[in-house]
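Spelled out, the chains give:
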Amino acid sequence: IVEIAGPDAVPFLQGLVTNDVTKASDEHPIYALMLTPQGKFLFDMFILHYEGKLLLEVDAARAPDFLKKIGFYKLRSQITLR
């Protein structure tokens, strides 16, 4: 499970995945993909919005690569990745 928290969590992730992150809730997780700019598959995940944080279920073996990739896009966003 990867946790994204902070005031910019939803807008940050909204621009990186294929599904509408605003539709995720604690009762209704969503399924989304992260693609390259050319549309090739990188990662798939389930996203849950829980207690003000986004929880992303990603493949455990690929979680370090996923954190490295989204960390690249963090820039000045007010988020924490864990």
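Computed from a prediction, not measured in an experiment: that's the story for all the values here.

### A closer look at helix H2 (residues 63-73)
Here is step 1 of the chain: Those residues of H2 that sit buried are Ala63, Phe66 and Ile70. All buried residues of H2 fall inside an arc of 55° around its axis, so they share one side. When the buried face of H2 is taken as reference, the exposed residues oriented beyond 90 degrees from it are Pro64, Lys68 and Phe72.
Here is step 2 of the chain: Buried-residue contacts for H2 involve strand S1 (2-5), helix H1 (9-14), strand S2 (30-35), strand S3 (41-50), strand S4 (53-57) and strand S5 (80-81).
Here is step 3 of the chain: Leucine 75 lies just past H2 and shows a positive phi near 45°.

### Thoughts on the pairing of S4
Regular strands place their side chains on alternate faces of the sheet.
Here is step 1 of the chain: What you see with S4 is a clean split: Leu54 and Leu56 sit on the buried side and Lys53, Leu55 and Glu57 on the side with no burial.
Here is step 2 of the chain: Relative to S4, S1 is paired through three bridges, and the arrangement is antiparallel. In the sheet register, isoleucine 4 faces S4, and the bridge partner there is leucine 54.
Here is step 3 of the chain: Note that S3 and S4 share five bridges and pair antiparallel. When the sheet's bridge partners are listed, isoleucine 47 is paired in S4 with leucine 56.
Here is step 4 of the chain: Remark: two residues form the turn of the hairpin made by S3 and S4, two consecutive strands paired antiparallel; glutamate 51 in that turn has positive phi of roughly 50°.

Rules used throughout
- Residues numbered from 1 in each chain as written.
- Predicted model: local features only at pLDDT ≥ 70, side-chain atom pairs only at ≥ 80, totals over all residues.
- Heavy atoms only, no water.
- Buried < 20%, exposed > 50% of the residue type's maximum accessible area, 1.4 Å probe, protein only.
- Helix = DSSP H or I, 4+ residues; strand = E, 2+ residues; numbered from the N terminus.
- Arc of directions from axis to C-beta.
- Contact = heavy atoms within 4.5 Å.
- Pairing = 2+ DSSP bridges.

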